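Take a look at the letters that make up each chain.
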Amino acid sequence: MSENGQAAQRDREPRDSTHAHLAGEVIGRHQHGYHQLLYVSAGVLAVQTGEASWVASSARAMWIPAGTWHQHRVHGHSSVHTLGFAVHDVLLDSGTPAVVAVDALVRELIIACSEPALPVPEANRLRAALRDRLRRALIEPLTLPIPAGPLLREACALVTDDLQHPRTAVWLARRIGVSERTLARLFRTELGMTYPQWRTHVRVFHAMVLLAEGANVSEAGRRCGWATTSAFIDTFSRTMGQTPGTYRAESGAGDT
């Protein structure tokens, strides 16, 4: 058997781990032969598949089904915990990647389960408790789908490359040479949301990354296009269920 074949075979065996990453590290595109629960107790990981991007953080864990190609980018010094589950052992009823809310108990259970050399009986008891808690966990909606068509990719890049300046649908449609109605249809059909909804998601997504990297609340809001800090706090809190200051502190970036 080739070295690559041996590696692929080994990767089918579920593995648990705890490891640290420095800001800016990239874990290249890969897949596992088992399901994975990915959690970041400090810092932030931006996780991307071929279809969408997510953020895993101290308040949100990510479920990655077996066979899903994905890559990670680290923002802020991060402590990462991964739990592996056999293909027949489905922890979350989702055939696609999903982000779930993590409360204080789930956080400690995931960290405990990922300890190296954990005795099997203890690991089984901890995992049983984790399953019970995750059955009631709220699945978080913040996902950034990746546009398939070149026109919408161009439109999205124009916005994300300069978040500080609000871009109206009229301006964006004109820049890519389509009508406002066509632009709205592209967002609905390719991304399943309106342009304002997508823009809110992308601004919050990037604000999460900036906060984890150490930006203060005012700076993150300004760099992501909010006119006032209070408007940023309001939108972030409604989207994420916590204030940006709390999120920043939980990400290990320090006080605001």
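Rules of the game
Residues numbered from 1 in each chain as written. Predicted model: local features only at pLDDT ≥ 70, side-chain atom pairs only at ≥ 80, totals over all residues. Heavy atoms only, no water. Core = buried A, V, L, I, M, F, W, Y, C linked by side-chain atoms within 4.5 Å. Buried < 20%, exposed > 50% of the residue type's maximum accessible area, 1.4 Å probe, protein only. Helix = DSSP H or I, 4+ residues; strand = E, 2+ residues; numbered from the N terminus. Contact = heavy atoms within 4.5 Å. Phe/Tyr/Trp six-rings, centres within 6.5 Å; stacked < 30°, edge-to-face > 60°. Polar contact = N/O pair within 3.5 Å; in protein donor to acceptor, adjacent residues only side chain to side chain. Salt bridge = Lys/Arg side-chain N within 4 Å of Asp/Glu carboxyl O. Axes fitted to C-alpha atoms, helices over the stretch in contact; angles between N-to-C directions. Parallel < 35°, antiparallel > 145°, perpendicular 65-115°, else oblique. Nonpolar A, V, L, I, M, F, W, Y, C, P; charged D, E, K, R; others polar.

Asks: Go over the nonpolar core with me, naming the residues and quoting the values.
Replies: Among the nonpolar cores identified, the biggest contains 38 residues, and Leu 183, Phe 187, Trp 198, Phe 232 and Phe 236 are the most heavily contacted of them. Of all the secondary-structure elements, those providing two or more residues to this core are strand S3 (35-48), helix H4 (150-160), helix H5 (169-176), helix H6 (180-191), helix H7 (195-212), helix H8 (217-223) and helix H9 (229-240). Broken down by element, this core gets its largest block of residues, ten residues, from H7. Discounting residues that sit within four places of it in the chain, Phe 232 has contacts with Ala 207, Leu 211, Val 217, Ala 220, Gly 221, Trp 226 and Pro 244. Counting residues in hydrophobic clusters, the runner-up holds 21 residues, among them Tyr 39, Leu 109, Ala 112 and Leu 118.

Asks: Outline the packing of aromatic side chains, supporting the account with residue identities and numerical values.
Replies: A complete count under the given rule lists seven aromatic pairs for this structure. Residues Trp 63 and Phe 85 carry aromatic rings whose centres are separated by 5.9 Å and whose planes lie at 55° to one another, so their mutual orientation is tilted. Remark: Phe 85 occurs in strand S6 (residues 70-85) and Trp 63 occurs in strand S5 (residues 60-64); sequence separation between them is 22 residues. Judged on exposure class, the residue Trp 63 and its partner Phe 85 are both buried.

Asks: Explain the environment of Thr 49 to me, using residue names and the numbers behind them.
Replies: Among the structural elements, Thr 49 can be located in the loop between S3 and strand S4 (52-56). Through-space distance from the C-alpha of Thr 49 to that of Gly 95 is 14 Å; in sequence the pair is 46 residues apart. Not counting the four nearest positions on each side in its chain, Thr 49 is found in contact with Trp 54, Thr 68, Trp 69, His 70, Pro 97 and Ile 146. Of note is the side chain of Thr 49, whose polar atom sits 3.1 Å from the backbone nitrogen of Glu 51.

Asks: Describe the pattern of salt bridges, and please don't skip the residues or the numbers.
Replies: If you walk through the whole model with that rule in mind, you get eight salt bridges. The salt bridge involving Asp 103 is made with Arg 133; its shortest N-O contact spans 2.9 Å. Here the residue Asp 103 occupies a position in the loop between strand S7 (98-101) and helix H2 (104-113), and Arg 133 occupies one in helix H3 (residues 120-134), the gap between them amounting to 30 residues.

Asks: Could you give an account of the packing of H4 against H6, with specific residues and numbers?
Replies: Remark: H4 packs on H6, axes separated minimally by 10 Å, with the N-to-C direction vectors making an angle of 100°. On the basis of their axis angle, the class for H4 and H6 is roughly perpendicular. Each of Leu 151, Leu 152, Ala 155 and Cys 156 in H4 lies in contact with H6, whose residues at this interface are Leu 183, Leu 186, Phe 187, Glu 190 and Leu 191. Here the contact of H4 with H6 is composed, by residue class, of eight nonpolar, no polar and one charged.

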